[in-house]
Each structure stands twice: as structure tokens, then as C-alpha cells.
Amino acid sequence: MDELRISTDPADVDLDVVYGFLREHAYWCVGIPRAVVEKAVANSLCFSALLGGRQVGFARVIGDRATFGYLADVFVLPEFRGRGISKALMDAVAAHPELTGLRRMLLATRDAHGLYADYGFTPLSRPESVMERYRPDIYRQG
């Protein structure tokens, strides 16, 4: 098997793979327009999981790289799951020098609580102080 490499080089992001997965398979953003994915990737710190030069996983962090970050769009292509790729992505996120000193990092997940708990994520300590504007169908509106 080829060696897994995690890269933060923007040139290593295969936008066709990232867009294709997010648009078709990611429960949190099915139908997302390509232009939105392009803009999101361009404005985030991205982590590409590469196997034999092929993009097989992805994660991105949105934030100021000083005090706050939001972990988003973490995925591994279905045919590559069960090989430790999500843990390798999270190891890279947790060790990145621009993220290790953040005061707060958030994420939202429906089904991967166990993975993120291994990296120190917990339920909100003060949920009464967190608010959101949530529009889950925004990509289906037009």
C-alpha cells in the first residue's frame, strides 16, 4: 500500500474530489455549489490526506490562527475508511503550529464524537453562551 501523506499545501487540494464528496455525500452540505467550496477552501487552512498522490481525505480549519478555530468538512472517501486516515488527519490538525495555541476550537458532528473526543473535544461547557444562525437548506434554495 502507498504511504499516506497529510499536506497543508493548497496546491495539493484536489478540488474535484473535495467538491464531489461534499456535494454528493456530506450530510451537512449536500448540494453545495462549487463556487462556495472553492471560496471555503481558499479561505481555510486545509489538510489533504493523500495516498499515492490521490486525495482520499480532507479537513479544514476556519479561524484566525491565533485564538479561535472551527474544524469543518472532515471526510475520508468511503473506499478508504477503516485505515486510520481520519486519525492521521486529526493528528495533523492537533499538531499544526498555528492551531496548538488556540483558546477555543469548535466543530459540529452527527456521528464521529468518539474520534473527536480523542483530541480533546467535549460537549459545550457553557451551551447557554453559544448561539447560532442555522440554515440547513441554504444550498437547496437556489
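Everything discussed here concerns the structure shown above.
Caption draft 1: Representation of the environment of D2 within the structure. Mapped onto the elements of the fold, D2 is located in the segment before strand 1 (4–7). Along the backbone, D2 and G52 are 50 residues apart, and their C-alpha atoms lie at a distance of 5.2 Å. The contacts of D2, once residues within four sequence positions are left out, are L51 and G52.

Caption draft 2: Representation of the sheet that holds strand 1 within the structure. Taken in spatial order, the five strands of this open sheet run 1-2-3-4-5, and their pairing is mixed. Whereas interior strands pair on both sides, the edge strands pair on one side only; in this sheet they are strand 1 and strand 5 (104–107). Mean inter-strand twist for the sheet, computed between neighbouring axes without regard to direction, equals 20°. Where strand 3 (residues 54–63) meets strand 4 (residues 68–76), six bridges bridge the pair, whose relative direction is antiparallel.

Caption draft 3: Examining the pairing of strand 5 more closely. Across four bridges, strand 4 lies against strand 5 in parallel orientation. Across the sheet, residue L71 finds its bridge partner in strand 5, namely L107. Once you follow strand 4 into helix 3 (residues 85–95) and on to strand 5, the crossover reads as right-handed.

Caption draft 4: Structural context of the pairing of strand 4. Of all the nine residues making up strand 4, seven are buried; the element is thus mostly covered by neighbouring parts of the structure. Between the end of strand 3 and the start of strand 4, which pair antiparallel, lie four residues, with R65 showing a positive phi angle near 60°.

Calculation rules
- In every chain, residue numbers begin from 1 and rise along the written sequence.
- Reporting of local features is limited, given that this is a predicted model, to residues whose pLDDT is at least 70; pairs of side-chain atoms are given and counted only at 80 or more, and all residues count toward the totals for whole chains, interfaces and linings.
- Note: side-chain values were computed over all heavy atoms of the structure, leaving out hydrogens and water.
- Secondary structure is summarised from DSSP: a helix means a run of H or I of at least four residues, a strand means a run of E of at least two, and numbering begins at the N terminus for each.
- Only heavy atoms matter for contacts: two residues are in contact if any of them lie within 4.5 Å across the pair.
- A pair of strands is considered paired only if DSSP assigns at least 2 bridges between the two.
- For helices, the fitted line uses only the C-alpha atoms of the stretch in contact; every axis is such a line through C-alpha atoms, and the angle between N-to-C directions lies from 0 to 180 degrees.
- Looking down the strands as they point away from you, a crossover is right-handed if its path from the first strand over the helix to the second goes clockwise.
- Exposure is judged per residue with a 1.4 Å probe applied to protein chains only, and the accessible area is read against the type maximum: over 50% gives exposed, under 20% gives buried, and values in between give partly exposed.

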